[in-house]
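# Notes for the structure review
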Amino acid sequence: MNKNKLTEIDKKVIKFLLSAGVYSDNAIIKNLGITEENLKNSYISLENNGYLEPYSVYQARQANKCGNGKCENKNCSSCSSCYENDIDYSNIKVVTEKAILEFDK
């Protein structure tokens, strides 16, 4: 998909994601009446255009704000990097500031 060329489905997905905090893929598919393939392609497009990012990218940025994952002398109770866990975040996407600025109106 071309950069900066969002489809109507892409726009619906990002607006839906901005309407609340967390949704499963099935909830998005059901609420928007799209297919799993539509959603997969939309995620790719939205990520390529800077509207979504992998959780690992978000987490790394938060760790830098939190002292590279070290909580010494930092108020970072909300930083997940300060806690060790075995949760798999590989499929989690985070809405970016760009998406909020452009679509959360």
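It should be noted that the structure appears before, not after, this text.
Because the structure is predicted, anything quoted here is derived from the model rather than measured.

Here is what the cut-offs are and how they apply
Residues numbered from 1 in each chain as written. Predicted model: local features only at pLDDT ≥ 70, side-chain atom pairs only at ≥ 80, totals over all residues. Heavy atoms only, no water. Axes fitted to C-alpha atoms, helices over the stretch in contact; angles between N-to-C directions. Helix = DSSP H or I, 4+ residues; strand = E, 2+ residues; numbered from the N terminus. Left-handed = near helix turned anticlockwise from the far one by under 90°. Contact = heavy atoms within 4.5 Å. Nonpolar A, V, L, I, M, F, W, Y, C, P; charged D, E, K, R; others polar. Parallel < 35°, antiparallel > 145°, perpendicular 65-115°, else oblique. Phe/Tyr/Trp six-rings, centres within 6.5 Å; stacked < 30°, edge-to-face > 60°. Buried < 20%, exposed > 50% of the residue type's maximum accessible area, 1.4 Å probe, protein only.

## Thoughts on the packing of helix α1 (residues 8-18) against helix α2 (residues 25-32)
With their axes 11 Å apart at the nearest point, α1 and α2 run at an angle of 120° to one another. The way α1 lies across α2 gives a crossing that is right-handed. Contacts between α1 and α2 involve Lys12, Val13, Phe16 and Leu17 from the former and Ala27, Ile28, Asn31 and Leu32 from the latter. Its residues assigned to classes, the contact of α1 with α2 comprises six nonpolar, one polar and one charged.

## So, the packing of α1 against helix α3 (residues 36-48)
One way to put it is that α1 packs onto α3 with a least axis distance of 9 Å and a crossing angle of 80°. Compared by their axis directions, α1 and α3 come out roughly perpendicular. Here Ile9, Asp10, Val13 and Ile14 of α1 lie close against α3, whose contacting residues are Asn38, Leu39, Ser42, Tyr43, Ser45 and Leu46. Class assignment for the residues of the contact of α1 with α3 results in six nonpolar, three polar and one charged.

## What to know about the packing of aromatic side chains
One pair of aromatic rings is described through two measures. These are the centre distance and the angle between the planes. Taken as a whole and assessed by the stated rule, the structure comprises three aromatic pairs. Taking the centre distance of 4.3 Å and the plane angle of 35° together, the rings of Phe16 and Tyr23 count as tilted. Taking relative accessible area as the criterion, Phe16 reaches 14% and is therefore assigned buried. For Tyr23, a relative accessible area of 30% corresponds to the partly exposed category.

Everything listed here is a matter of coordinates, which is why it stays silent on function.
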